[in-house]
Each structure stands twice: as C-alpha cells, then as structure tokens.
Amino acid sequence: MLLSEFLQTRSQSIINQPVESVKSNISAEVDLPKVNEKGNSFAEELRTMLSGKSQVQFSNHAIKRLESREIDVTENDALERLNKGVELAAQKGCGQSLILVDGTAYIVSVANNKVITTVSQADLKENVFTNIDSTVIV
C-alpha cells in the first residue's frame, strides 16, 4: 500500500493540500506560549541566563576560605581577571580548573561557573591540587 493510499483510508490526506492550509492546520493544533510563566520571551530569558553566567559565583566553602585566608578579590581587578580565566577555561572545554591570579589559586568548576576553594600565595607551598584538568594563569 502506498503512503497516499494509507492516508486516504485514514481520512487524513493532507498530501494534496496546499502548504498554506497545512501550516494553518498545524498552528491551530499547537498553541505555543510566546512567554514563560514570568512573562519573559525566550530571547529575554536567554539573555538573562547568559548575563548571569558572566560572573563567577563562590561556594560557601570558598567564601569561608577567602575570609580565613584574608584574600581580597577586589584588589588589582582580581575578580575581573578571575572571570576572564573562567571564560578562557570554558572556551577550551575544561571541567575543573586551577586559576592563578596574582599568586592566589582558585579551584573552579567551569561547568557550574563556581569557585570551589581558594588558596593564598602563602599557603601554596607544598600543596598538591588533584581532580583538575587544566590550569589558567591570568
């Protein structure tokens, strides 16, 4: 049995219909929302998500380490340079990176855009960093 014969037997023959009538049938059946539950369009939501990804976030553990080791991320544009390092690592497809900024080490989950821990220059000696797949020096 040919496809056209099958469709005719099922009373769904749309093969011989003009394209416009097929399009109107499809749009009538499927009513896709133009906005999400927040009232944002897809483009607005995507833009929001991308802008949120541009700033690296710090885990609770990393925040505690920043405080206890007295690391100031606002000095010498360290935060901006850390973000640049995360971007470079993401472009290379890295997963977990050691990012060095002015002698301070940041272990970053690139996929989650989150600093996992930090180590000051004074605490770097005789440390072994494991479970990283890349190092970025910024």
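The rules behind the values
Each chain carries its own residue numbering, running from 1 in the written order of its sequence. The model is predicted, so local features are restricted to residues of pLDDT at least 70 and side-chain atom pairs to those at 80 or more, both for listing and for counting; the totals for chains, interfaces and linings are taken over all residues. Side-chain descriptors were evaluated using all non-hydrogen atoms of the structure, hydrogens and water having been removed beforehand. Each helix is a run of H or I in the DSSP string that is no shorter than four residues. Each strand is a run of E no shorter than two, and both are numbered from the N terminus. Think of it in three bands: residues with accessible area under 20% of the maximum for their type are buried, residues over 50% are exposed, and the middle band is partly exposed, with areas taken using a 1.4 Å probe on protein chains only. Residues are treated as being in contact if the distance between any of their heavy atoms lies within 4.5 Å. Here the Shrake-Rupley method, with its probe set to 1.4 Å, supplies the accessible areas, and only the displayed protein chains count as covering residues. Two strands are said to pair when DSSP picks up at least two bridges between them. Axis angles are defined between N-to-C directions and span 0 to 180 degrees, where every axis is a line fitted to C-alpha atoms and, for a helix, only to the segment in contact. In this description, a nonpolar core means a group of buried Ala, Val, Leu, Ile, Met, Phe, Trp, Tyr and Cys residues linked to one another through side-chain atoms lying within 4.5 Å.

J.: Would you mind going over the overall build of the protein in detail, with residue names and values included?
T.: The secondary structure content of the protein amounts to five helices and five strands. Counting from the amino terminus, helix and strand elements in the protein follow one another as α-α-α-β-α-α-β-β-β-β. With 138 residues in all, the protein has 25% of them scored as buried. Partitioning the intrachain contacts of the protein with sequence separation of at least 6 by distance along the chain shows that 53% fall at a separation of at least 24. Carbon and sulfur atoms make up 53% of the accessible area of the protein, which amounts to about 10100 Å² in all.

J.: Give me the lowdown on the sheet that holds strand β3 (residues 104-109), citing residues and values where you can.
T.: Within the open sheet, the five strands sit side by side as β1-β4-β3-β2-β5. Their pairing is mixed. With partners counted over all chains shown, the strands left at the sheet margins are β1 (57-58) and β5 (134-137), one partner each. As judged from the two bridges shared by β1 and strand β4 (residues 114-119), these two strands associate in the parallel manner. Note that in β4 the partner of Phe 58 across the bridge is Val 115. Those strands touched by helix α4 (residues 60-68) are β1 and β4, and its axis lies near 30° from that of β4. The strands touched by helix α5 (residues 78-91) are β1, β2 (96-101), β3, β4 and β5; relative to β2, the strand with the most contacts, the crossing angle is about 145°.

J.: Describe the nonpolar core, and please don't skip the residues or the numbers.
T.: Judged by nonpolar contacts, the single largest core of 17 residues is most densely connected at Leu 82, Ile 99, Val 101, Tyr 106, Val 108 and Val 115. Mapped onto this core, the elements with two or more residues apiece are α4, α5, β2 and β3. Among the elements that line this core, the one with the most residues is α5, at four residues. Ignoring anything within four residues of it in the chain, the contact list for Val 101 reads Ala 78, Arg 81, Leu 82, Tyr 106 and Val 138.

J.: Before we move on, could you go through the pairing of β4 and cite the residues and values that matter?
T.: In this sheet, β4 lies alongside β3 in antiparallel orientation, the contact comprising five bridges. Bridge assignment links Val 108 to a residue of β4, and that residue is Val 115. Linking β3 back to β4 in an antiparallel pair, the connection comprises four residues, with Asn 113 at a positive phi of about 55°.

What is shown is where atoms sit, not what they do.
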